[in-house]
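Notes for the structure review
Next come the chains, spelled out residue by residue.
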Amino acid sequence: MNINEVENMIFAFALRNNFIDKLNSDYFENAEIKNYIIDFQRTNSLTISDYIGKNNYSIARLNELVDNFDITTNEQYINLLLKLEKRHKKREILKAVKNDEIENIPNIINQSIVENSDNFKDVVRNWISSKVKEHCLTGIKKFDSFNGGLVEPEFVTIAARPGRGKTALAINLINNFLKNNKSVFFASLEMNNIQILQRLISNFCKIENWKIRKKNFSEYEEQIIYEYISYMQSKKLRIDDNINLTLEQLKMKCFGYDIVVVDYIQLLDTEKKFKNDFEKLEYVAKEIKKIAKNNKQIIICLAQLNRESEKTKQLLGSIKGSGAIEQSSDIVIFLNKKEDNNIVSIDVVEQDEIIYFDVMKYREGRVGKIILHWKKSTYTFENVDI
């Protein structure tokens, strides 16, 4: 059976069983079928009957295509789709190599045109028999206890005004993820890799940051630092401090890591041109969501809140630049300073702060405020029991 026959049989079966909305014209080489699929979807038609009267192509010829070929079972249909998919992927990979777009190959490999065609009972059966996805603990006990931590694929946004501890929290999370043997890619668009390394050491070793910066530590502290560096050699962490990092470069570089952290999303550029920052951020947010899904990753993006959020009640729309960030995110967390420290029975030194870790949105979990003690001297967030 040649590819032309395969395409015709798939097309005929899709029309007869109202699967036309599952077909992507890009997968087909037959120009006639491609045009029919595009036209069907242009007119929002799902059956031949719906299509009559609003088509651009011959109904007689369409009926010929449908009548000449048949598939008797859903299994045959899926097998033919797999054959077509294999051919399409090979063609797209060759095109990506030719156009020097190698970073797109993982997405091509992960594409599937049969995932929506499985019988519903089979989907349920496979789900029940499959292993539960491993959750990644954040180290924030209350969040981990009622949401189980994070699980791929998820797009997480952590937003706050400047100086509210976004990067410090990211440092905490990275050290916790590494403890749990997760691989991490950290795109730092604000600080260089030495600054990030200093914060990681201070946080993990509980050595005050001024000592790390001035290299003014004791012999014992120096020993702890070397032990940390030795420990880190067994972990997979990559810090990219290119301030001009683009979304397209991020796609290529972060592939293969369990967790990606971006500090911060409004600084992430793209090679595509847009009329304004609003449209650019909308595109970036949607693409990050796709990367998380296609690569099966947890992507955590830090974000700035707008100035108005300091004067009025903070809402999901308070994220600076574009509402698309919160719309695309699976989880949105705001960090707010708690002005009254008397509610917690802990010693808070002058430079420390009590922070609300406010889970504003969680598609599959609980929302609510969690109180954390932010020890600024070691960039540490500690759990608070009240």
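None of the values given here were measured: they were computed from a predicted structure.

**So, the pattern of salt bridges**
All chains considered together, the criterion is met by 10 salt bridges. One salt bridge connects Lys253 with Asp240, and the closest N-O pair in it is separated by 2.8 Å. With Lys253 in helix α13 (residues 247-253) and Asp240 in strand β3 (residues 237-240), this residue pair connects regions lying 13 residues apart in the sequence. Salt-bridge contacts for Glu353 lead to Lys376; the nearest nitrogen and oxygen are separated by 3.1 Å. Taken together, the residues span a long stretch of sequence, with Glu353 in strand β7 (residues 353-362) and Lys376 in the loop between β8 (368-375) and β9 (380-383) at a distance of 23 residues. Overall, the relative accessible area of 9% leaves Glu353 in the buried class. You can call Lys376 partly exposed: its relative accessible area is 22%. The structure contains a network of salt bridges with shared partners spanning Lys289, Asp330 and Arg363.

**Brief notes about the sheet that holds strand β6 (residues 331-337)**
Strand order in the open sheet made by the 9 strands is β3-β2-β4-β5-β1-β6-β7-β8-β9, with mixed pairing throughout. Two strands close off the open sheet at either side, each with one partner strand: β3 and β9. Taken pair by pair, the neighbouring strands of this sheet meet at an average axis angle of 25°, ignoring direction. Looking at chain direction, strand β2 (residues 184-188) and β3 are connected through 4 bridges and run parallel. In the strand pairing of β3, Phe186 is matched with Ile239. Along the sheet, helix α10 (residues 193-205) contacts β2, β3 and β9; its crossing angle with β3, the most-contacted strand, is approximately 140°.

**Quick look at the nonpolar core**
Core analysis: the largest hydrophobic core is formed by 47 residues, its most contacted members being Ile158, Ile300 and Phe357. Element by element, the count of residues in this core is highest for helix α9 (residues 166-179), at 8 residues. Among the nonpolar cores identified, the runner-up in size contains 30 residues, and Leu245, Val262, Ile265 and Ile319 belong to it.

**Considerations on the packing of α9 against α10**
Look at α9 against α10: their axes get within 10 Å of each other, and the N-to-C directions meet at 70°. Classed by the angle they form, the pair α9 and α10 counts as roughly perpendicular. Crossing geometry of α9 relative to α10 is assigned as right-handed. Contact residues: Thr167, Ala168, Ile171, Asn172, Ile174, Asn175 and Lys179 in α9; Ile196, Arg199, Leu200, Asn203 and Phe204 in α10. When grouped by side-chain class, the residues that make up the contact of α9 with α10 number 6 nonpolar, 4 polar and 2 charged.

**Observations concerning the packing of α10 against helix α12 (residues 219-232)**
In the contact formed by α10 and α12, the axes pass within 10 Å of each other and the chain directions differ by 110°. Taken together, α10 and α12 sit at an angle that is classed as roughly perpendicular. In this structure, α10 uses Leu200, Ile201, Phe204 and Cys205 to contact α12, whose residues at the interface are Ile224, Ile225, Tyr228 and Tyr231. For the contact of α10 with α12, the class distribution of residues is 8 nonpolar, no polar and no charged.

**Observations concerning the confidence of the model for the chain**
For the chain, mean pLDDT is 79; residues scoring 70 or higher make up 79% of the total. For the stretch residues 116-120, pLDDT sits under 50, and the model shows 8 contacts to residues farther than four places along the chain or on other chains.

**A closer look at the packing of aromatic side chains**
On inspection of all chains with the given rule, the structure shows 9 aromatic pairs. Aromatic pair Phe11 and Tyr36: ring centres 6.2 Å apart, planes at 35°, arrangement tilted. Placement of the pair is Phe11 in helix α1 (residues 3-16) and Tyr36 in helix α2 (residues 31-42), with a sequence separation of 25 residues. With respect to burial, Phe11 and Tyr36 carry one shared label: buried. Residues Phe143 and Tyr362 carry aromatic rings whose centres are separated by 6.0 Å and whose planes lie at 25° to one another, so their mutual orientation is stacked. Of this pair, Phe143 sits in helix α8 (residues 141-147) while Tyr362 sits in strand β7, and the two are 219 residues apart along the sequence.

Parameters and conventions
Residues numbered from 1 in each chain as written. Predicted model: local features only at pLDDT ≥ 70, side-chain atom pairs only at ≥ 80, totals over all residues. Heavy atoms only, no water. Salt bridge = Lys/Arg side-chain N within 4 Å of Asp/Glu carboxyl O. Helix = DSSP H or I, 4+ residues; strand = E, 2+ residues; numbered from the N terminus. Buried < 20%, exposed > 50% of the residue type's maximum accessible area, 1.4 Å probe, protein only. Pairing = 2+ DSSP bridges. Axes fitted to C-alpha atoms, helices over the stretch in contact; angles between N-to-C directions. Contact = heavy atoms within 4.5 Å. Core = buried A, V, L, I, M, F, W, Y, C linked by side-chain atoms within 4.5 Å. Parallel < 35°, antiparallel > 145°, perpendicular 65-115°, else oblique. Left-handed = near helix turned anticlockwise from the far one by under 90°. Nonpolar A, V, L, I, M, F, W, Y, C, P; charged D, E, K, R; others polar. pLDDT = per-residue confidence, 0-100. Phe/Tyr/Trp six-rings, centres within 6.5 Å; stacked < 30°, edge-to-face > 60°.

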